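Single-letter residue listing:
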Amino acid sequence: MELLFTEQLKSQPSWVLLLVSLGFIVLVKTSFKFLNWVYVNFLRPGKNLKKYGSWALVTGPTDGIGKGFAFQLARKGLNLVLVGRNPDKLREIADQIQAKYGKTQIKTVVVDFSGDLFEGIQKIKEAVKGLDVGVLINNVGISYPYARYFHEVDEDLLRNLIKINVEGTTKVTQAILPGMLERKKGAIVNIGSGAAIVIPSDPLYAVYAATKAYIDQFSRCLYVEYKNKGIDVQCQVPLYVATKLASIKRSSFFVPSSDGYARAALRWIGYEPRCTPYWPHSVIWYLAYSLPEAAVDWWRLGFCLKIRKRGQLKDSRKKE
């Protein structure tokens, strides 16, 4: 049988043999990619995060993804420095974590990332002095209240988007990185967004998407700069998660809760420089990449225009 098959191949024109060879290469490559996807999503063990240090710093820990990270890091045995703007919410989340994980040491730092950042960063530096902060989760960020054209973005919102999403993440990283370099170990996780990476554009959220594109490139550059110095830098790219920021109340298969996302996210820390940890999101990412960009742009614009219409309707009702 094998001999017959070989003889049949030899009798084929050269262009047929070329096509068969190319098809075989594509099949092997696709199979390898799929098996690797299965491994990293379901079989690869997460790293021991305590090897980076006994403390983790989380910005924006009182709601959403940041809150999920704080609980999951405490579950892994790390002590926490929680950085947020609301002292009452910080105390509340610290109490909740310690009630569940009694051995966790927690420090809280009140910083308004839309305010005086110099003062805020000084507070953070003071709080982490003498601590081996091995994991940094740059989660703090804001989005639009609802979709709007660029010319409709007011000055306060424009300033805060850039200051919180870009400058906040950059300055906190700058404050924590020297200690990691001194200890020659650390993990930095910057929270990006599918709005900047998975889809070709995010119309009516232009500035938000642009700030997250900055986070992606910033993370990649730091990954290359510091990977040989014991520091793992990563941009995580969530799609929709059930949070206040996304204005989604209920979780589902494709929209995880913040705790569900954080549980998946911890398993990816220290590996690829860019990832989407929640595996159903990676399926959506693949499908989005398979479609023509113009088609995704058309769909996204229509989707965001509906969000804009609902937001404007809410605003008009408030004014009545």
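From a predicted model like this one, the values you see are computed outputs, not experimental measurements.

Chemist: When you look at helix H6 (residues 155-183) in this model, what are you seeing that I'm missing?
Modeler: Given 3.6 residues to a turn, an α-helix orients residues that are three or four positions apart in the same direction. Helix length check: H6 (29 residues) gives 41 Å between terminal C-alpha atoms against 42 Å at 1.5 Å per residue, within 8%. Along H6, the sharpest change in direction is near 35° and occurs at glutamate 167. Looking at where H6 begins, the residue whose side-chain oxygen comes 3.1 Å from the main-chain nitrogen of aspartate 156 is aspartate 154. Lysine 184, located one to two residues past H6, shows a positive phi value of around 60°.

Chemist: How should the sheet that holds strand S6 (residues 231-236) be read in this particular structure?
Modeler: Working definition: the strands of a sheet are paired by backbone hydrogen bonds and lie parallel or antiparallel to each other. The strand order S3-S2-S1-S4-S5-S6-S7 describes an open sheet built from 7 strands, whose pairing is parallel. Each edge of the open sheet carries a strand with a single partner, namely strand S3 (106-110) and strand S7 (274-275). As judged from the 6 bridges shared by strand S5 (residues 186-191) and S6, these two strands associate in the parallel manner. Across the sheet, alanine 187 pairs through a bridge with aspartate 232, a residue of S6. Strand contacts of helix H4 (residues 87-100): strand S2 (79-84) and S3, with the helix running at about 170° to S3, the strand carrying the most contacts.

Chemist: I tried to follow a nonpolar patch on the surface on my own but got confused; where do I start?
Modeler: A contiguous nonpolar surface patch, about 760 Å² in accessible area, is contributed by Trp15, Leu18, Leu19, Leu22, Phe24, Ile25 and Val28. Mapping leucine 18 onto the fold places it in helix H2 (residues 14-43). The exposure class assigned to leucine 18 is exposed, which follows from its relative accessible area of 52%.

Chemist: Looking at this structure, how should I read unusual backbone geometry?
Modeler: Backbone phi values are negative for most residues with the exception of glycine, while trans is the configuration of most peptide bonds. The phi dihedral of lysine 184 is positive, around 60°, even though this residue is not glycine. Considering the arrangement of structural elements, one finds lysine 184 in the loop between H6 and S5. Residue classification places lysine 184 among the exposed positions, given a relative accessible area of 65%. In this structure, leucine 204 is a non-glycine residue whose phi angle is positive, near 75°.

Chemist: Quick question: what am I supposed to make of the packing of aromatic side chains here?
Modeler: Geometry of an aromatic ring pair is reported as the spacing of the ring centres plus the angle between the planes. Summed over the entire model, instances satisfying the criterion amount to 11 aromatic pairs. Where phenylalanine 34 meets tryptophan 37, the ring centres are 6.1 Å apart and the plane angle is 25°; that geometry is what we call stacked. Of this pair, phenylalanine 34 and tryptophan 37 are both found in helix H2, 3 residues apart, which corresponds to roughly one turn of the helix. Centre to centre, the rings of tryptophan 37 and tryptophan 279 are 6.0 Å apart; their planes meet at 80°, and the pair counts as edge-to-face.

Chemist: What is the right way to look at the environment of phenylalanine 254 in this model?
Modeler: Here phenylalanine 254 lies in the loop between S6 and helix H9 (258-266). When the C-alpha positions of phenylalanine 254 and phenylalanine 150 are compared, they lie 29 Å apart, and in sequence the two are 104 residues distant. Excluding residues that lie within four positions of it along the chain, phenylalanine 254 makes contacts with Tyr240, Tyr278, Pro280, His281 and Ile284.

Chemist: Would you explain the nonpolar core in this entry?
Modeler: Among soluble globular proteins, nonpolar side chains are generally buried collectively. In this structure, Phe69, Leu73, Leu80, Leu82 and Ile97 are the most contacted members of the largest nonpolar core, which totals 31 residues. Breaking this core down by element, the ones donating at least two residues are strand S1 (55-59), helix H3 (64-75), S2, H4, strand S4 (133-138), S5 and H9. In this structure leucine 73 touches Leu49, Ala56, Val58, Leu78, Leu80, Val135, Ile137 and Leu266, once residues within four positions along its chain are discounted. Val81, Val109, Val172 and Ile231 belong to the second largest nonpolar core, which has 29 residues in total.

Chemist: Honestly, the packing of H3 against H4 in this entry has me stumped. Any pointers?
Modeler: A pair of packed helices is captured by two measures, namely the crossing angle of their axes and the spacing between those axes. Packing of H3 against H4 brings their axes to within 10 Å, and their N-to-C directions diverge by 30°. With respect to their mutual orientation, H3 and H4 come out roughly parallel. In the packing of H3 onto H4, the handedness of the crossing is right-handed. Residues Lys67, Ala70, Phe71 and Ala74 of H3 pack against Ile93, Gln96, Ile97 and Lys100 of H4. Looking at the contact of H3 with H4 residue by residue, the class counts come to 5 nonpolar, 1 polar and 2 charged.

Chemist: I'm lost on the packing of helix H5 (residues 117-128) against H6 in this one. Help?
Modeler: Packing of H5 against H6 brings their axes to within 10 Å, and their N-to-C directions diverge by 35°. At the point where H5 passes H6, the crossing takes the right-handed sense. In this structure, H5 contributes Leu117, Ile121, Ile124, Lys125 and Val128 to the contact, and H6 contributes Lys163, Glu167, Gly168, Lys171, Val172, Ala175 and Ile176. Here the residues of the contact of H5 with H6 are counted per class, giving 7 nonpolar, 1 polar and 4 charged.

Chemist: Would you explain a positive patch on the surface in this entry?
Modeler: On the surface, a cluster of positive charge is made up of Lys249, Lys306, Arg310, Lys314, Arg317 and Lys318. Mapping lysine 318 onto the fold places it in helix H11 (residues 293-319).

Chemist: Sorry if this is basic, but what is going on with the pattern of salt bridges here?
Modeler: Proximity of charged atoms lets side chains of opposite charge pair with each other. A complete count under the given rule lists 10 salt bridges for this structure. Between arginine 91 and aspartate 88 there is a salt bridge; the shortest N-O distance is 2.4 Å. Within this pair, arginine 91 and its partner aspartate 88 are both found in helix H4, separated by 3 residues, close to a single helical turn. Classification of arginine 91 as partly exposed rests on a relative accessible area of 46%. Between arginine 308 and glutamate 152 there is a salt bridge, and its shortest N-O distance comes to 2.7 Å.

What counts and how
- Residues numbered from 1 in each chain as written.
- Predicted model: local features only at pLDDT ≥ 70, side-chain atom pairs only at ≥ 80, totals over all residues.
- Heavy atoms only, no water.
- Helix = DSSP H or I, 4+ residues; strand = E, 2+ residues; numbered from the N terminus.
- Expected span 1.5 Å × (residues − 1).
- Bend = angle between axes of the 7 residues up to and from the residue.
- Polar contact = N/O pair within 3.5 Å; in protein donor to acceptor, adjacent residues only side chain to side chain.
- Pairing = 2+ DSSP bridges.
- Contact = heavy atoms within 4.5 Å.
- Axes fitted to C-alpha atoms, helices over the stretch in contact; angles between N-to-C directions.
- Patch = residues over 30% accessible without salt bridge, like charges linked within 9 Å, V, L, I, M, F, W, Y side chains within 5 Å.
- Areas by Shrake-Rupley, 256 points an atom, 1.4 Å probe, with all protein chains shown as cover.
- Salt bridge = Lys/Arg side-chain N within 4 Å of Asp/Glu carboxyl O.
- Buried < 20%, exposed > 50% of the residue type's maximum accessible area, 1.4 Å probe, protein only.
- Phe/Tyr/Trp six-rings, centres within 6.5 Å; stacked < 30°, edge-to-face > 60°.
- Core = buried A, V, L, I, M, F, W, Y, C linked by side-chain atoms within 4.5 Å.
- Parallel < 35°, antiparallel > 145°, perpendicular 65-115°, else oblique.
- Left-handed = near helix turned anticlockwise from the far one by under 90°.
- Nonpolar A, V, L, I, M, F, W, Y, C, P; charged D, E, K, R; others polar.
- Lys, Arg positive; Asp, Glu negative; His and termini not counted.
- Charge placed at Lys NZ, Arg CZ, Asp CG, Glu CD.

All quantities given are derived from atomic positions and should not be read as evidence of function.
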